[in-house]
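What follows is the residue order along each chain.
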Amino acid sequence: MHISGHQLHLYDHPVSSNALKVRFLLALLELDYDRTHVPFALPRPPEYTELNPFGRIPTLVDAELVLAESNAILRYLADREERDDLYPRPPRERAVVDAALDTWATLVRPVLLPAEDLALMDTGDWEQGGGRWEDCDDQDALREAVGRAQRTLGRWERIIADNGTVTGSFSIADCCVAPVLWRWLRLPLDLSELPRTAALQGTLAANPAFVAAGPVA
Ligand SMILES: N[C@@H](CCC(=O)N[C@@H](CS)C(=O)NCC(=O)O)C(=O)O
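Here is what the cut-offs are and how they apply
- Residues numbered from 1 in each chain as written.
- Predicted model: local features only at pLDDT ≥ 70, side-chain atom pairs only at ≥ 80, totals over all residues.
- Heavy atoms only, no water.
- Domains from an automatic or database assignment.
- Buried area = accessible area lost by both parts, 1.4 Å probe.
- Salt bridge = Lys/Arg side-chain N within 4 Å of Asp/Glu carboxyl O.
- Polar contact = N/O pair within 3.5 Å; in protein donor to acceptor, adjacent residues only side chain to side chain.
- Helix = DSSP H or I, 4+ residues; strand = E, 2+ residues; numbered from the N terminus.
- Nonpolar A, V, L, I, M, F, W, Y, C, P; charged D, E, K, R; others polar.
- Expected span 1.5 Å × (residues − 1).
- Buried < 20%, exposed > 50% of the residue type's maximum accessible area, 1.4 Å probe, protein only.

Next up on the list: the domain arrangement of the protein. In terms of domains, the protein is made up of domain 1 (8-80) and domain 2 (91-207). Each of domain 1 and domain 2 has a C-alpha centre, and these two points are 21 Å apart. Overall, the association of domain 1 and domain 2 removes approximately 1500 Å² of surface from exposure, summing both partners, and the carbon and sulfur fraction of that is 63%. A per-residue breakdown of the area domain 1 buries against domain 2 is headed by Val15, Phe24 and Arg75, which together make up 36% of the total. Along the contact surface separating domain 1 from domain 2 lie three salt bridges. The shortest N-O distance in the salt bridge between arginine 75 and aspartate 102 comes to 3.5 Å. On the surface where domain 1 and domain 2 come into contact, there are five residue pairs in polar contact (both at pLDDT 80 or more). Elements that contribute at least two residues to the side of domain 1 that touches domain 2 include exactly α1 (17-28) and α3 (70-80). In terms of residue count, α1 provides more of the side of domain 1 that touches domain 2 than any other element does, six residues in total. Taken together, the residues of the side of domain 1 that touches domain 2 break down into 10 nonpolar, five polar and three charged.

So, in structure tokens, the structure goes:
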């Protein structure tokens, strides 16, 4: 499907949080890659669903390996580059990173998404990064959705470290959460009682590799 100058090829969208977490890690690892833009509009182009039958963004291609699922891609790239600092080998340390990745993907992310839908995706062109929460037509629904997110982040707060990282030292779990926490800078979230999450959000937003990865929305 592509003629690539680089070994790695990322199928992504500038606005996709799942693609941005991969670009963040690629920037940290200083790996060059080619990019193909996949539009959000459904159905996805047939060349893309041929590569990734679920059609979700992103997909990473590394020679004959075609890898979907952003967290699997983070694990793969850290292992590929033998970056045990980012994804530790000792089972107990690795389990802590894995638990953070799974908790975020299965318990936190899904609760945050409805508020993003109402505040950003429904208020502007999402292909371009969406609109402003102030323009949401149903502010009561938005308040409720943000409240649910806030309560879930209160649980998240209790499992993360207090030094601006997820697990106590920077890992792929930080790459995983960075795009969505950064996106939430655009939502009316009260972090006054969530100091660890606030520190994490601030640290990640200022990370030079995150900035280099080109966050859009
Ligand atoms: N579990 C997948 C989810 C990927 C995903 O949902 N990507 C979004 C873009 S961020 C997407 O394709 N959304 C549109 C869709 O659901 O088809 C991953 O982590 O890579």
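Moving on to α1. Taking 1.5 Å per residue as the helical rise, α1 with its 12 residues ought to reach 16 Å, and the 17 Å between its terminal C-alpha atoms agrees with that figure. Taking burial as the measure, the 12 residues of α1 include nine buried ones, the bulk of the element. Of all the positions in α1, only Ser17, Ala19, Leu20, Lys21, Val22, Arg23, Phe24, Leu25 and Leu26 are classed as buried. With a side-chain oxygen positioned 3.3 Å from the backbone nitrogen of asparagine 18, the residue opening α1 is serine 16. Immediately beyond the C-terminal end of α1, within one or two residues, lies glutamate 30, with a positive phi of roughly 55 degrees.

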